[in-house]
Amino acid sequence: MIHLDCTIMGQPYRLACREGEERTLREAVSYLDGKMCALRDSGKVKGTDRIAVMAALSVAAEFLSVKSPQGPLSDMSILEVKQKLEAMHTVLDKALAPQENLS
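Keep in mind the model is a prediction, meaning the values are calculated, not measured.

Engineer: Where do I start with the layout of surface pockets in this structure?
Structural biologist: Within this model, the largest pocket holds a volume of roughly 1,300 Å³. Looking at the lining of the largest pocket, the elements with two or more residues in it are strand E2 (11–17), helix H1 (22–42), helix H2 (48–66) and helix H3 (78–100). Residues of the lining of the largest pocket, tallied by class, amount to 26 nonpolar, 4 polar and 4 charged.

What follows is the structure, given as structure tokens:
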């Protein structure tokens, strides 16, 4: 496992990932940070928890639009998409678990 120090909306996080996954994790962090900072800066959403939920909904909506009939996931069943999402959750849980131990 490799540990990466990242910042999301001004808060430091130490995330773990497998060797070779650093770039993907950094891109995900950067994308999420951009979404969350944009929501915060809009002034329409208050509170870190609400900002995180709204950012997650935005990312989910983007993902589902890619699943549209013309999208790159159009040849996948809902079960296959669900399995991919579950795999993503597993990767995220593993990356965030070391952060919980820093408290």
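Engineer: Is there a simple way to think about the environment of aspartate 5 in this case?
Structural biologist: Here aspartate 5 is to be found in strand E1 (residues 2–8). Considering only alpha carbons, one finds aspartate 5 and leucine 15, 10 residues apart in sequence, at a separation of 6.4 Å. One polar contact links aspartate 5 to arginine 14, side chain to side chain, over a distance of 2.9 Å.

Reading the values: the criteria
- Residues numbered from 1 in each chain as written.
- Predicted model: local features only at pLDDT ≥ 70, side-chain atom pairs only at ≥ 80, totals over all residues.
- Heavy atoms only, no water.
- 1 Å grid on protein atoms, 1.4 Å probe; cavity = no way out; pocket = protein on both sides within 12 Å on 5 of 7 lines; lining within 4 Å.
- Points joined across faces, edges and corners; volume = space filled by probe spheres on them.
- Helix = DSSP H or I, 4+ residues; strand = E, 2+ residues; numbered from the N terminus.
- Nonpolar A, V, L, I, M, F, W, Y, C, P; charged D, E, K, R; others polar.
- Polar contact = N/O pair within 3.5 Å; in protein donor to acceptor, adjacent residues only side chain to side chain.

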